[in-house]
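Close look at the chain arrangement
Residue-level listing of the chains:
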Amino acid sequence: GGWRAGAVTGRGVGNRARSPMMMSSMSSMSISSSSSISSSSMMLTAVLAGMGVGCGMDSSARCEAATTGPDPNAPTSNKSTAQWRIYTDIGRGLVQEKKLDEARRYLERALVEAKKGFGEGDAHVAAALNNLAELNRIESKWSESERFFSESLEILRKAYGENHPAVGTALHNLAGCRLAQGDADGAYALYAKSLERKEATLGTNHPEYATTLYHMAEVLSRSDRKQDAVVLLERSIKVSEEIGAAHTDACLRRMKRLAQLLWDCENYEHAERIRRRILSTMEHMNGEEHVKIAGPCESLATVLMKLDQLDEAAALLERAARILSKVRGDGGALALASTRLNLADIAIRRDNVKEALKFARQALDVLAPSALDAIRRDALRVDIRVGVVTQYARAAALLAKLSPDAPSTSRHVDDARQYLDEIEKLVTTVSSSTPTRASLETIRVARRAL
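This structure is a prediction, so every number in the text was calculated from the model and none was measured. (Residues numbered from 1 in each chain as written. Predicted model: local features only at pLDDT ≥ 70, side-chain atom pairs only at ≥ 80, totals over all residues. Heavy atoms only, no water.)

We now examine the confidence of the model for the chain. Summarising the model, the chain shows a mean pLDDT of 83, and 81% of its residues fall at 70 or more. Predicted confidence is poor over residues 1-72, with pLDDT under 50, and the contacts of this stretch with residues over four places away or in other chains come to 233 contacts. (pLDDT = per-residue confidence, 0-100. Contact = heavy atoms within 4.5 Å.)

What follows is the structure in structure tokens.
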């Protein structure tokens, strides 16, 4: 994915100005399985296309320009239209380099030149406004982001009318901004309007339609309406499958989110079916021994453990451990530690204390120094820091259960409690968002286990 300011139709600056149309979807703000809006993707999309249809997919998708010729009503190219394009391209590059202050200066200049070259009410101006909105989104400047998104939407409404794909996408953008500010009701209402526009202009078998369904489901899940969210997510996945996009990263993300919601609803049988499909799809896309297979193996194993299918769960975890043991770096070691903790749980349920203790100690060897590092490293994302510390607490609690009198047990338990206190203080200073509340609940569960 990425913002493709250069994806335009027309025959170059020397003849006519490029055809006006901007489409940029909040799909660039993909919602992760941890239910948080990702502001680190750095993906600004400013696609100028003849009719603007086909953009706004998830960030993994590519928005391509339409193949229609130049707009006969477009203004003749002039110095300002050429500078708009140059400043936009420079701004795009600077964003990709994470030089956001410099990028802002060029994107602001691009907006000035778009107004001078195309006119205040032209869709190129909407594109320039959208780019500034996305830049503010990346920097979590939500009020400014919402203002630019709203201005872009109004221009598109006047330029194309209500029933146009561009308006549906602009509504989608604005909805995501509202959601990031905690306005779930306002976000859902805007997503619903976006869905209506997309259905009227693109139909229900279109990736744009599936994308908005996905985001609507996320709003419902954050509002504790998980069963309703499941229904919308299933519709989104069905659309993706019907248009031949089943084996895409976007569809896989939705399937993983669906499986997590089903887990949260304690519908383990349905979650098992979805996670089997995910594993099969990942094997088809990457091969059976690829590092990306380890996660789906473990996810399926955990739901099988809930269903008391321990033999298959153990086989999947051993497969994941075999794959992860070949991965270098901290990420692979931490994932392997998680797998070993699940293997320890199975060993306990099989009354094999010796094997459970072996897995628990192997996990602690990795998690103890990693948890201390997570406390100290401010550069790490908060959700990663929470995950490492709570996994360490889980391993310490397991050790206390299996070997309460071991010399190292009390030290690990005390350290885990201290780290949980410190990470809880960190999380509470971030915000009162739904992801933050979920992190706090994870911390409290880990503390109770100790």
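Glancing now at the nonpolar core. The biggest cluster of nonpolar side chains holds 124 residues, and the ones touching the most others in it are Val389, Tyr392 and Leu450. Leaving out residues up to four positions away in the same chain, Tyr392 has contacts with Leu364, Leu367, Ala368, Ala371, His412, Asp415, Ala416 and Tyr419. (Core = buried A, V, L, I, M, F, W, Y, C linked by side-chain atoms within 4.5 Å. Buried < 20%, exposed > 50% of the residue type's maximum accessible area, 1.4 Å probe, protein only.)

The next subject is unusual backbone geometry. The phi dihedral of Lys98 is positive, around 65°, even though this residue is not glycine. Of the residues examined, Lys98 reaches a relative accessible area of 59% and is grouped as exposed. The backbone of Asp224 sits at a positive phi, close to 60°, despite the residue not being glycine. Following the sequence through the fold, Asp224 ends up in the loop between helix 7 (207-222) and helix 8 (226-242). Assessed through its relative accessible area of 65%, Asp224 is described here as exposed. (Helix = DSSP H or I, 4+ residues; strand = E, 2+ residues; numbered from the N terminus.)

Moving on, we come to the packing of aromatic side chains. This model, assessed by the stated rule, comprises 4 aromatic pairs. With centroids separated by 5.4 Å and ring planes inclined at 85°, the aromatic side chains of Trp84 and Phe118 adopt a geometry described as edge-to-face. Of this pair, Trp84 sits in helix 1 (residues 79-96) while Phe118 sits in helix 2 (residues 100-118), and the two are 34 residues apart along the sequence. Since its relative accessible area comes to 3%, Trp84 is described here as buried. Its relative accessible area of 11% is what places Phe118 among the buried residues. Relative to Tyr419, the ring of Tyr392 has its centre 5.8 Å away and its plane inclined at 35°; by these criteria the two rings are tilted. Linking Tyr392 in helix 15 (residues 382-402) with Tyr419 in helix 16 (residues 407-428), this pair joins segments that are 27 residues apart in sequence. Residue class for Tyr392 comes out buried when judged on its relative accessible area of 1%. Geometry around Phe359 places Lys358 over its ring, the cationic atom sitting 4.6 Å from the centre. (Phe/Tyr/Trp six-rings, centres within 6.5 Å; stacked < 30°, edge-to-face > 60°. Lys NZ or Arg CZ within 6 Å of the ring centre and 35° of its normal.)

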